[in-house]
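Reading the structure
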Amino acid sequence: MTAIQTFFLQGSVSTLLSSQSSVTSCRKVSLKFTVSCCSATSPLAVVNGNVEKRPSDRTEVRIGLPSKGRMAADSLDLLKDCQLSVRQVYPRQYVAEIPQIPNLEVWFQRPKDIVRKLVAGDLDLGIVGLDTVCEYGQGDGDLIIVHDALEYGDCRLSLAIPKYGIFENVNSMKELAEMPQWTPERPLRVATGFTYMGPKFMKENGLKHVTFSTADGALEAAPAMGIADAIVDLVSSGTTLRENNLKEIERWSHRAKSGGPCRWQKVPNAAKRCT
Ligand SMILES: Nc1ncnc2c1ncn2[C@@H]1O[C@H](COP(=O)(O)OP(=O)(O)OP(=O)(O)O)[C@@H](O)[C@H]1O
Ligand SMILES: O=P(O)(O)OC[C@H]1O[C@H](OP(=O)(O)OP(=O)(O)O)[C@H](O)[C@@H]1O
């Protein structure tokens, strides 16, 4: 039996589920609930950071919801709009149920762990941002986007550089790549939390001499601190870039199709719409 691996996600947002059974309509989302099959692969063994998929005899279907962060409340609201109330006995309890769907377990997890657990087979469905799917799913063919537009959590991934100094007249990735400053001895230094997608995008765009550093947050500080020349990070309103004297020179946004894998593609003319 094919694994279900699904989830909800964002971009303009997220979603899930597959196969048969009852269908509930809400907002613009149609959710199909399946209790008929679950992942053929499962429990997780982590070896040197890699996930090993092993068969499981689990019979319940598990859905992962964000335990905290931007998508947590909206995800619960979405389900509520679909008359699906998540029943959690204690606020810090990580397992819950949706009484209307027997045999479904709700597990609250950090978004990146939802994707890891989908890949490992420890979850069957989930709701996360598309950026999280791409970054932590890393092209895993078993991850299927069931619904790609739940209409919350909208954001894009951007390459940003300082507005000042040697970057003052640089307004595109091409111009950045052509700067004579970057050499094997003095590469372009990019700070990003997207250690999979960041290097992938830079390589795809012909940037040759690049090194990457990472941090858990507040990446927009890196250029002014002298730690990096550029950043690759999520942008929503653009306020954080603006307030840290940075400009977007490249944007990527998701192009997901329900039933397919996640894809990100360049948004043309980013500089014209810079903050
Ligand atoms: N301005 C934004 N910055 C970051 N994420 C955003 C933004 N707007 C929407 N999102 C979406 O919200 C998702 C959840 O982000 P959030 O920072 O709440 O949780 P997280 O992934 O656990 O992050 P962290 O590990 O940094 O705490 C992101 O993956 C992204 O899809
Ligand atoms: O375009 P904006 O609306 O300003 O949003 C973008 C900022 O929001 C996120 O950071 P977050 O608030 O999660 O803080 P962090 O950097 O500490 O993770 C993201 O990493 C950007 O820094």
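Being a predicted model, the structure only gives us computed values, none of them experimental. (Residues numbered from 1 in each chain as written. Chains lettered and ligands numbered in written order. Predicted model: local features only at pLDDT ≥ 70, side-chain atom pairs only at ≥ 80, totals over all residues. Heavy atoms only, no water.)

1. Some thoughts on the pattern of salt bridges
- What the rule picks out here adds up to eleven salt bridges.
- One salt bridge connects R62 with E105, and the closest N-O pair in it is separated by 3.2 Å. Taken together, the residues R62 in strand β6 (residues 61-66) and E105 in strand β8 (residues 104-109) connect sequence positions 43 residues apart.
- With a closest N to O distance of 3.4 Å, E204 and K200 form a salt bridge. (Salt bridge = Lys/Arg side-chain N within 4 Å of Asp/Glu carboxyl O. Helix = DSSP H or I, 4+ residues; strand = E, 2+ residues; numbered from the N terminus.)

2. Considerations on the site of ligand 2
- Contacts to ligand 2 come from R70, G217, A218, E220, D233, L234, V235, S236, S237, G238, T239 and T240.
- Contact distances for ligand 2 include 2.6 Å between an oxygen atom and a side-chain N or O atom of E220.
- Taking 490 Å² as the accessible area of ligand 2 by itself, protein coverage stands at 66%.
- Secondary-structure elements contributing two or more residues to the shell around ligand 2 are β14 (230-235) and α7 (239-243).
- Here the element with the most residues in the shell around ligand 2 is β14; it accounts for three residues.
- Here the residues of the shell around ligand 2 are counted per class, giving three nonpolar, six polar and three charged. (Near = heavy atom within 4 Å. Polar contact = N/O pair within 3.5 Å; in protein donor to acceptor, adjacent residues only side chain to side chain. Areas by Shrake-Rupley, 256 points an atom, 1.4 Å probe, with all protein chains shown as cover. Nonpolar A, V, L, I, M, F, W, Y, C, P; charged D, E, K, R; others polar.)

3. Some details on a positive patch on the surface
- Taken together, the side chains of K68, R92, R110 and K112 make up a positively charged region of the molecular surface.
- Relative to the elements of secondary structure, K68 occurs in the loop between β6 and α1 (70-81).
- Assessed through its relative accessible area of 46%, K68 is described here as partly exposed. (Patch = residues over 30% accessible without salt bridge, like charges linked within 9 Å, V, L, I, M, F, W, Y side chains within 5 Å. Lys, Arg positive; Asp, Glu negative; His and termini not counted. Charge placed at Lys NZ, Arg CZ, Asp CG, Glu CD. Buried < 20%, exposed > 50% of the residue type's maximum accessible area, 1.4 Å probe, protein only.)

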